[in-house]
Structure formats: C-alpha cells, structure tokens
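# Topology and contacts: notes
Single-letter residue listing:
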Amino acid sequence: TLSQVRPEFHIQIGEHIENFEEMEPVIRTILVLIKQDNPHIRSACFHCLGQFAIDNKPDFQNMFATQVVEAVFIGLNDKVAESLSQCQRVKGYACSCLTNLFQETPFELLAPFAPLISSTLLDIINSNSLFVAKTALSTLSSLWLVKQS
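Reference entry: report on the structure contained in this document.

## Considering the packing of helix α4 (residues 39-55) against helix α5 (residues 59-76)
A pair of packed helices is characterised by two quantities: the angle between their axes and the separation of those axes. Following both chains from N to C, one finds α4 and α5 inclined at 155°, their axes separated by 11 Å at the closest point. By the angle class used here, α4 and α5 are roughly antiparallel. Regarding α4 and α5, the two cross each other, and that crossing is left-handed. Packed against α4, whose contacting residues are F46, L49, F52 and A53, the element α5 presents F60, Q61, V68, A71, V72 and G75 at the interface. Partitioned by chemical class, the residues of the contact of α4 with α5 number 8 nonpolar, 2 polar and no charged.

## Some points on α4
Along an α-helix, residues three or four apart share an orientation, since each turn contains 3.6 residues. For α4, which comprises 17 residues, the first-to-last C-alpha distance of 24 Å matches the rise-based estimate of 24 Å (1.5 Å per residue) to within 8%. Regarding α4, the residues found buried are P39, R42, S43, C45, F46, L49, G50, F52 and A53. A distance of 2.7 Å separates the backbone nitrogen of H40 from a side-chain oxygen at the start of α4, and that oxygen is part of N38.

## Here's the deal with the packing of aromatic side chains
Summed over all chains, the structure comprises 2 aromatic pairs. Relative to F60, the ring of F52 lies with its centre 6.2 Å away and its plane at 15°, an arrangement referred to as stacked. The same class applies to F52 as to F60, namely buried. Consider the rings of F60 and F64, whose centres lie 5.5 Å apart with planes at 40°: the pair is tilted. Placement of the pair is F60 and F64 together in helix α5, with a separation of 4 residues, close to one helical turn. Of the two residues, F60 and F64, neither departs from the other in class, the shared state being buried. One aromatic cluster is present, formed by F52, F60 and F64 through successive ring pairs.

## Re the environment of Q61
You can see Q61 is positioned in helix α5. For Q61, a relative accessible area of 0% puts it in the buried group. Along the backbone, Q61 and L101 are 40 residues apart, and their C-alpha atoms lie at a distance of 6.4 Å. When near neighbours in sequence (up to four residues on either side) are disregarded, Q61 contacts A53, N56, N100, L101, Q103, E104, T105 and L109. Among the polar contacts made by the side chain of Q61, one reaches the main-chain carbonyl oxygen of A53 at a distance of 3.2 Å. Side-chain polar atoms of Q61 contact the backbone oxygen of L101, separated by 3.5 Å.

Criteria and thresholds
- Here the residue numbering is sequential within each chain, running from 1 through the sequence in written order.
- Totals for whole chains, interfaces and linings use all residues, but because this is a predicted model, local features are given only for residues with pLDDT of at least 70 and pairs of side-chain atoms are given and counted only at 80 or more.
- With hydrogens and water excluded, all non-hydrogen atoms of the structure serve as input to the side-chain values.
- Angular values range over 0 to 180 degrees, each being the angle between N-to-C directions of two axes fitted as lines to C-alpha atoms, with helices fitted over their stretch in contact.
- Each helix is a run of H or I in the DSSP string that is no shorter than four residues. Each strand is a run of E no shorter than two, and both are numbered from the N terminus.
- Throughout, the term roughly parallel applies to angles under 35 degrees, roughly antiparallel to angles over 145, roughly perpendicular to angles from 65 to 115, and oblique to all others.
- Handedness of a helix crossing follows the sense of rotation of the near helix relative to the far helix, less than a right angle counterclockwise being left-handed and clockwise being right-handed.
- Contacts are residue-level and defined by heavy atoms, with any inter-residue pair within 4.5 Å sufficient.
- Side-chain classes are defined by residue name, with Ala, Val, Leu, Ile, Met, Phe, Trp, Tyr, Cys and Pro counting as nonpolar, Asp, Glu, Lys and Arg as charged, and the others, Gly among them, as polar.
- Helix span, expected: 1.5 Å multiplied by one less than the number of residues in the helix.
- Three exposure classes are used, based on accessible area relative to the maximum for each residue type with a 1.4 Å probe and protein chains only: buried under 20%, partly exposed in between, and exposed over 50%.
- Between N or O atoms, a polar contact is any pair within 3.5 Å; within protein, one atom must be a potential hydrogen donor and the other a potential acceptor, and residues adjacent in sequence are included only when both atoms are from side chains.
- In this scheme Phe, Tyr and Trp rings, the latter by its six-membered ring, pair at centre separations within 6.5 Å, and the angle between planes marks the pair as stacked below 30 degrees, edge-to-face above 60, and tilted otherwise.

Below, the structure is given as structure tokens:
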C-alpha cells in the first residue's frame, strides 16, 4: 500500500471532512482573496475553488454555486490578464473553476447567470490567447451539457 512506501500518504488519504460546513470560513476567505492585486493569488484562488468543487460535489455546489459564479466573473474580466500575457492563467483558471463547478450543479442554480456566462465565454474564445480560448470553449461546452441534462 501507499502507506508502506511513504507513511505520510496514509495520513493525507485518511484526512477528510465529516461536516463540509466546517469549510465555509476557508471558502469565504478564498472568495475575498480573489480580489487581491497579485495575479498569482487570484489564479490560485480559482484553482482552489475548482478543486473544492470536484472533491466535495454536490455539497460545494449546493452551498456555494452562486457565490463562486459571481466571483469567477472577476477572473473572467481580469484586466491584468488582458495586459500581461503571462497572467492569462487568471482567466484560464477562472474558466476551469466554472467547468468543475458545473459538475453536479443543477441548471436551475446557473440559469440566472447562463446568458452572461455564455457571452463572456464567447468573448474570451475570440481572444488572442489559445490557452484561454480553449479553456473557455471547454467551459462553454460544460455549461451546455448541464443545460441539456
């Protein structure tokens, strides 16, 4: 087993959250940090929220879908990312965060945001960054799949 190779693997795998509501203060802090000036912090926040969405579905989606979608618009409209090519990752991670969030999220929660999400993603797809455009296309596809199910 992994714990025989490296004992710390057992500890990491064994850690879990009994009550997801205990994570609320952490998630609220991440939502605040998205507004930081440093693009690396912003992209890390979107990465973190996307990982929470995958690891804790559907609890995360049920508790935080609206707040996360609202926060993601900060990343999708990131001005620093438009002016510095190395910071395009903010938009990319924001798109990936949405893709992860869409899994297990009922369309009813996303419906009020769907037109704005779609138009914003279409604008991003037409951008000059292939990395961001392909991530936005994947996110738009995920939104369409949620709507169809």
